[in-house]
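# Structural description and commentary
Each chain, letter by letter, is given below.
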Amino acid sequence: MGKGGQDYGKGENLSGQPTKCEDPFAAWAKDAKECEQKYGVSRDYGLSTEEVEKRRKIYGLNELDKHEGPSIWRLILDQFNDTLVRILLCAAVVSFVLALYDGEEGGEKEITAFVEPLVIFLILIVNAFVGVWQENNAEKALEALKEIQSEHAMVVRDGKKVANLPAKELVPGDIVELRVGDKVPADMRVLSLISSTFRVEQGSLTGESEAVSKTVKAVPEDSEIQGKKCMVFAGTTVVNGSCICLVTQTGMDTEIGKVHSQIHDASQNEEDTPLKKKLNEFGEILTAIIGVICALVWLINLKYFLTWEYVDGWPRNFKFSFEKCTYYFEIAVALAVAAIPEGLPAVITTCLALGTRKMAQKNALVRKLPSVETLGCTTVICSDKTGTLTTNQMSVANLVAIGRSAGSIRKFNVEGTTYSPFDGRIQGWPAGGMDANLQMIAKVAAVCNDSGVEQSGNHFVANGIPTEAALKVMVEKMGLPSVFDLGSSGSDDVLRCCQAWNNSERRIATLEFDRERKSMGVIVTSGSGSKSLLVKGAVENVLERSSFVQLLDGSTVKLDESMKSKILESLENMSKNALRCLGFAYKEDLPEAFATYNGDHDHPAHELLLNPSNYSSIESELIFVGLAGIRDPPRQEVRQAIGDCRAAGIRVIVITGDNRNTAEAICREIGVFGPNEDFSSRSLTGREFMDRPDQKKHLRQSGGLLFSRAEPRHKQDIVRLLREDGDVVAMTGDGVNDAPALKLADIGIAMGIAGTEVAKEASDMVLADDNFSTIVAAIAEGRSIYNNMKAFIRYMISSNIGEVVSIFLTAALGIPEGLIPVQLLWVNLVTDGPPATALGFNPPDKDIMKKSPRRSDDSLINAWILFRYLVIGLYVGIATVGIFIIWYTHDSFFGIELSKDGHTLVSYSQLANWGQCHTWEGFSVSPFTAGSQVFRFDANPCDYFQSGKIKAMTLSLSVLVAIEMFNSLNALSEDVSLLRMPPWVNPWLILAMSVSFGLHFLILYVPVLAQVFGIVPLSLNEWFLVLLVAFPVILIDEVLKFVGRCASRLWRSQEGKLKAE
């Protein structure tokens, strides 16, 4: 090349050379030459090596940023940023210090003293580990995004082509050649087309359902991303043609780089799930309650460890007992342990994990456990169109052929929504076989076609342009005329009919598609040696170049205005339904130059084919044979699913990058809009919506909404506005452009088959079958799981209220401690765990999807439920403390003999003032038996209220366990009586109760475990007493449920009267 071109690429002080701080250059709005000048480059010479290095210092490498996530220590510390966890941590530290103190003071430094703090520490460690593991996966979406970037590019530098240059080395101004199959390495301006057409599949970035034709012509500066026809974007794929491009943006400045930044920003703004917020609020309330009760316990017992005398009206001679102070401090620790449902996190995790298994059976794969619960309160589903509501597989919906006479046409409806040749059939297909007209349509569709279909696992995928693949599937559904020998056509081939047509008509030349004539043609030779031209393209263009029309019997007649009007009328009707229509035609009288042409490059006819300007004249005087309407069809089950959403009070908003007409037609067909509804005010483009001053008001409209031509930032803004307005948003999507909104939504739902890895990694849930109706099933499951979670949360909290009341009464009455922290931990973690988990298997309500979604700020425990559980808790406290007192003060209770073990009875006054035992004259205690053990108190009778309380403690613990088992039956339903909902409706609960009782028997009757927990075996009589004291909890709750039902009926009756008035 000339010297000038070299200097042009090497110039050091080019006025047009961009710098990082300049305003973005709108290359799509500028002429190709102007772009070259701006970037200081020639398309023939490219950049010089020296210039590349200069620009790399300004722009850096062409790769996405690596965002450093929080350090492992930061993640670990974050797990303790929770009120319940902090209370537990304080309780563990204090109990550990007290255990050490008891040992240093000469106390029995046994394993029992350390079980409690060690168990609490273990809970916290496991909780932290799970939390860190979940959060450590958050950045995977960004890693997946990097994988879709191109690795190599063909670049012109220093006047030479450099093949396979690492894509990360590209800089703005580089000249790149793109070919079919290439992944675009950066955002680039198309400078010139090498082929007559150039198409790119960019649906994953823009949401468009078809490959997009690119051009060199500039477009308006304010064009949306889909309208930038002269730009190609990083991460998209070339499906047809080749071209020369100029790199304009690299790395984080590309469109995919912006998506990367949006995903990162969205991941920084993740909020807690509604349930987590409720539990955090509960933790804060619990902290205040524990603080108040601890203060009350200390004030009530202040007289035991701090005494004084009044001298001259003033307190003097203070005496402080550190030992007693420590004892009551231990009671305060026990109170904290009792108040906190330690097993709740484990039970919630187990229930959610079981929920994920149920959802997996329905093809909803949950990646993040809390998503299961959030699904239950979803109020809005923001759905992408392409690939979610539709199959993302182009298919022929209508086929129009010519009838017996010049004025008649035939219309066939083609079933099927996928690339499978076995998916559906053609309705009304002639029983006698294919007539000549249908045979010609099949021949053109099969041979004038560069795409294919192949089987991948259980589904079929397209190779090449989707619309062409759809035509080949149509040919398979049409079948073959009887004259074909199926044996020779490869009957095992997926496209056996297409293969048969291609075997009978050998293709020798291709007239490539171009934007001017909007058609593609192929010249074929038959077995007899005759040549013909087969053409397919835009119906209006093909019709304009047609002079004849082929009738049903194969004869041809002149194409008159009447026939042309009928064909165009059919075209208009199909276009109204957003079908993309292609016309078919052929020609047998080719120019004389093609008579002996066989594809040889030296033949004179080949010279005509090298110049695309000759194609229009070759494709003239055509014989028109028919047309087909193609679309990306809606999934068959979507309409019913959207109806279910409407019944469940869930709004569906469609957000797509596709064009408005196509999107509106699909929305009308699937029921987002009614068939005769005026939805002009509810269908906007993304840009129109962002320009509105009343965005939130628009989003609050009842019924469906549609946003077409939406860019990634539009999707994000819509999700953000909905969440700000209090909605719980589920966002579906499959493309790279959906990832930021998936990350920002309360529930991000990605497609498992058609979805990109970026979308899957940014999501909370993946649909294994890409089916919108699976979301509705998952929401129903989420609602059921949430109802069951409320049941076991209430059950566990009511049990903890009982434990708190028990310890408070113990302290208030001044009797010895009836339950120690390690026993409370055992009950909270192990004994309560199985029934609480089993409540997660409660059968769902039949009308669960007929109710409006619960509000995200819906109270977990309302005033009535709280009152009920305070009553239940009060009984639990009275029962556990009461049986403790009964053992010390009564020899029998309701006819049940208690004195067979030989223990000494004391008065209630003595029990309440046990701390003064050393002042009692003549106080003695007889030995008593418990199992095989004999307890003696000859050396120190007062020890009867310390080590001697082991039997009374065992009775208290057993009553607590039995009451909580019976209370789990109460939790089967919030309002329904056990007479109407008996225990066997949930057999898992009966099994869980058996397991919990079994575990309690284990620690009672295995000596080593009994020693650890400070308990002894019980006799049969004592078990009768335990069940007698525990059973009334069912009767009490039945009465409360009855009162609640009566009040609810009365309230509904009053509300009905008010409405009537």
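Residues numbered from 1 in each chain as written. Predicted model: local features only at pLDDT ≥ 70, side-chain atom pairs only at ≥ 80, totals over all residues. Heavy atoms only, no water.

### Concerning the overall build of the chain
Filter applied, for reference: Numbered from the N terminus, helices here are DSSP runs of H or I no shorter than four residues, and strands are runs of E no shorter than two. Only protein chains enter the area calculation, which uses a 1.4 Å probe; residues under 20% of their type maximum are buried, those over 50% are exposed, and those in between are partly exposed. Here, two residues are considered to be in contact whenever any of their heavy atoms come within 4.5 Å of each other. Methods summary: accessible areas were calculated by the Shrake-Rupley approach with a probe of 1.4 Å, and residue burial reflects only the protein chains presented.
Each helix and strand counted, the chain has 39 helices and 34 strands in total. The buried share of the chain, reckoned over its 1061 residues, is 55%. Sequence separation of 24 or more characterises 71% of the internal contacts of the chain that already satisfy a separation of 6 or more. In the structure as shown, the chain presents an accessible area of about 45,300 Å², 55% of it carried by carbon and sulfur atoms.

### Details of the nonpolar core
Note the cut-off: Nonpolar core, defined: a set of buried Ala, Val, Leu, Ile, Met, Phe, Trp, Tyr and Cys residues in which side-chain atoms within 4.5 Å join the residues together.
Membership of the largest hydrophobic core comes to 137 residues, with the highest contact counts inside it found for Phe772, Tyr888, Tyr944 and Phe945. Sort the elements by how many residues they give to this core and helix α30 (residues 772-813) lands first, with 18 residues. Setting aside anything within four residues of it in sequence, one finds Tyr944 in contact with Trp887, Tyr888, His903, Thr904, Val906, Val925, Phe928, Phe937 and Lys949. Of all hydrophobic cores here, the second largest spans 55 residues; its members include Tyr39, Val156, Leu191 and Leu684.

### Notes on the side chain of His903
Note the threshold: Each polar contact in these results corresponds to two N or O atoms within 3.5 Å; when the atoms are within protein, one needs to be able to donate a hydrogen and the other to accept it, and residues that are neighboring in sequence are counted only if both atoms are side-chain atoms.
Position of His903 among the secondary structure elements: in the loop between β32 (896-897) and α34 (908-912). Separated by 2.7 Å, the side chains of His903 and Asp901 make a polar contact. When neighbours within four sequence positions are excluded, His903 is seen to be in contact with Trp887, His890, Leu898, Phe928 and Tyr944.

### Concerning the side chain of Arg410
Here Arg410 shows up in strand β15 (residues 409-413). The class for Arg410 is buried, based on a relative accessible area of 16%. Beyond its immediate chain neighbours, meaning those up to four positions away, Arg410 contacts Leu399, Val400, Ala401, Ile402, Gly403, Asp435, Asn437, Leu438 and Leu552.

### Quick notes on unusual backbone geometry
The phi dihedral of Asp158 falls on the positive side, at around 55 degrees, and the residue is not glycine. Unlike most non-glycine residues, Arg709 shows phi in positive territory, near 50 degrees. Residue placement: Arg709 occurs in the loop between β27 (705-708) and α27 (712-724). A residue is classified by how much of its surface remains accessible, and Arg709, at 19% relative accessible area, is buried.

### Considerations on the pattern of salt bridges
Opposite charge on two side chains permits them to pair, given that their charged atoms come into close proximity. Definition in use: Note on definitions: salt bridges are taken to be side-chain nitrogens of Lys or Arg within 4 Å of carboxyl oxygens of Asp or Glu.
In this structure the tally under the stated criterion is 31 salt bridges. For the salt bridge of Asp435 with Arg410, the shortest nitrogen-to-oxygen distance reads 2.7 Å. A residue pair is termed long-range when its members are at least 10 positions apart, and Asp435 in the loop between β15 and α16 (436-447) and Arg410 in strand β15 qualify at 25 residues. Just as Asp435 is buried, Arg410 falls in that class too.

### Looking at the packing of helix α35 (residues 950-970) against helix α38 (residues 1020-1030)
How we decide: Helix axes use the C-alpha atoms of the stretch in contact, all axes being lines fitted to C-alpha atoms, and the angles between their N-to-C directions lie in the range 0 to 180 degrees. What sets the label is the angle itself: under 35 degrees gives roughly parallel, over 145 gives roughly antiparallel, 65 to 115 gives roughly perpendicular, and the rest give oblique. For a crossing to be left-handed, the near helix must be turned anticlockwise from the far one by less than a right angle; the clockwise case is right-handed. Side-chain classes are defined by residue name, with Ala, Val, Leu, Ile, Met, Phe, Trp, Tyr, Cys and Pro counting as nonpolar, Asp, Glu, Lys and Arg as charged, and the others, Gly among them, as polar.
Where α35 meets α38, the closest approach of the two axes is 9 Å, and the angle between their N-to-C directions is 45 degrees. Classified by the angle their axes make, α35 and α38 are oblique. Of the two elements, α35 crosses α38, and the hand of that crossing is right-handed. Where α35 abuts α38, its residues Lys951, Leu955, Ser958, Val959, Ala962, Ile963 and Phe966 lie against Glu1022, Trp1023, Val1026, Leu1027, Val1029 and Ala1030. Taken together, the residues that form the contact of α35 with α38 break down as 10 nonpolar, one polar and two charged.

### Details of the sheet that holds strand β8 (residues 237-240)
What counts is decided by this rule: Pairing between two strands requires that DSSP report at least two bridges joining them.
Overall, antiparallel pairing links the three strands, which are arranged β6-β5-β8 in an open sheet. Of all the strands in the sheet, the pair left with one neighbour each is β6 (212-213) and β8. Relative to β8, strand β5 (residues 199-201) runs antiparallel, the two being bridged by three bridges. Bridge pairing in β8 links Arg199 to Asn240.

### A look at the UniProt feature "transmembrane region" (unreviewed entry) in the chain
The condition that has to hold: UniProt positions are given in the numbering used here, feature names are shortened, and annotations may be inferred rather than shown by experiment.
The positions UniProt marks with the feature "transmembrane region" (unreviewed entry) are residues 83-101, 113-133, 285-306, 326-354, 860-888, 984-1003 and 1023-1043. What you have in residues 285-306 is 91% helix and 5% strand, and the ends, taken at the C-alpha atoms, are 30 Å apart. The span residues 984-1003 shows a helical share of 85% and a strand share of 0%, and its end C-alpha atoms are spaced 28 Å apart.

### Examining the state of the cysteines
Any covalent bond linking the sulfur atoms of two cysteines counts as a disulfide. Counted only if it meets this: Only a pair of cysteine sulfur atoms within 2.5 Å qualifies as a disulfide here.
Using the criterion set out here, one finds one disulfide in the structure. For Cys917, the disulfide goes to Cys942, at an S-S distance of 2.0 Å. Every disulfide takes its handedness from the sign of the S-S torsion; for Cys917 and Cys942 that torsion is -95 degrees, giving left-handed. Here Cys942 lies in the loop between β34 (933-935) and α35 and Cys917 lies in the loop between α34 and β33 (928-930), a separation of 25 residues in the sequence. You'll find Cys917 and Cys942 in the same group, each marked buried. Left without a disulfide partner, Cys498 is nearest to the cysteine sulfur of Cys497, which lies 6.8 Å away.

### Points about the sheet that holds strand β7 (residues 231-232)
What the six strands build is an open sheet, ordered β2-β1-β3-β9-β4-β7; its pairing is antiparallel. On the outer flanks of this sheet lie β2 (160-166) and β7, each paired with one strand and no other. Here strand β4 (residues 187-193) pairs with β7 via two bridges, running antiparallel. Each bridged residue has a counterpart across the sheet, and for Arg189 the counterpart in β7 is Met231.

### Let's talk about the confidence of the model for the chain
Regions with low pLDDT carry predicted coordinates that are not meant to be interpreted in detail. Formally: Values of pLDDT, ranging from 0 to 100, describe the predictor's confidence in every residue of the model.
For the chain, per-residue confidence averages 81 on the pLDDT scale, and residues scoring 70 or more make up 88% of the total. Confidence over residues 1-18 falls short of pLDDT 50; this stretch has 36 contacts with residues more than four positions distant or in other chains. pLDDT under 50 marks residues 105-109. Its contacts with residues more than four places away, or in other chains, come to four contacts.

### Brief notes about the packing of aromatic side chains
Inclusion rule: Planes of paired rings set the category: under 30 degrees apart is stacked, over 60 is edge-to-face and the rest tilted, where pairs are Phe, Tyr or Trp rings (Trp by its six-membered ring) whose centres lie within 6.5 Å.
Within the structure shown, the criterion is met by 27 aromatic pairs. For the pair Phe594 and Tyr597, a centre-to-centre distance of 6.0 Å together with 80 degrees between the ring planes defines the contact as edge-to-face. Phe594 sits in the buried class, given a relative accessible area of 2%. For Tyr597, a relative accessible area of 1% gives the class buried.

### A closer look at the environment of Ile1036
Structurally, Ile1036 is set in helix α39 (residues 1032-1060). Residue class for Ile1036 comes out partly exposed when judged on its relative accessible area of 24%. The spatial distance from the C-alpha of Ile1036 to the C-alpha of Val871 is 8.5 Å, given a sequence separation of 165 residues. Not counting chain neighbours up to four residues away, the residues in contact with Ile1036 comprise Val871, Ile872 and Tyr875.

### Brief notes about helix α3 (residues 49-59)
Heads up, the rule is: Note that the arc is computed from the directions linking the helix axis to the C-beta atoms.
Turning to α3, its buried residues number three or more, namely Glu51, Val52, Arg55, Arg56 and Tyr59. All buried residues of α3 project into a common sector of 140 degrees when viewed along the axis, lining one side. Gly60 lies just past α3 and shows a positive phi near 75 degrees.

### Some thoughts on the pairing of strand β14 (residues 395-402)
With eight of its eight residues buried, β14 lies for the most part within the structure. As paired elements, β14 and β15 share five bridges and run antiparallel to each other. By the bridge assignment for β15, Asn398 is matched with Asn413. Between β14 and the antiparallel strand that follows it, β15, lie six residues.

### A short note on α35
Convention followed: Residue count minus one, scaled by 1.5 Å, sets the expected span of a helix.
Here α35 spans 30 Å end to end across 21 residues, near enough to the 30 Å set by a 1.5 Å rise per residue. Counting buried residues in α35 gives 21 out of 21 residues, a clear majority hidden from the surface.

### Quick look at the environment of Asp560
Within the secondary structure, Asp560 sits in the loop between β22 (556-558) and α20 (561-576). The sequence separation of Asp560 and Val549 amounts to 11 residues, and the corresponding C-alpha distance is 9.0 Å. One polar contact links the side chain of Asp560 to the main-chain amide nitrogen of Met563, over a distance of 2.7 Å.

### Some points on the packing of α16 against helix α17 (residues 466-478)
For any two helices packed against each other, the geometry is given by the interaxial angle and the distance between the axes. Between α16 and α17, the shortest axis-to-axis distance is 9 Å and the interhelical angle comes to 145 degrees. For the pair α16 and α17, the crossing hand works out as left-handed. Across the interface between the two elements, Leu438, Ile441, Ala442, Ala445 and Ala446 of α16 pack against Leu471, Lys472, Met474, Val475 and Met478 of α17. Considered class by class, the residues forming the contact of α16 with α17 number nine nonpolar, no polar and one charged.

### Quick look at the environment of Pro987
Looking at the secondary structure, you find Pro987 in helix α36 (residues 987-1005). Judged by relative accessible area, Pro987 falls into the exposed class, the value being 52%.

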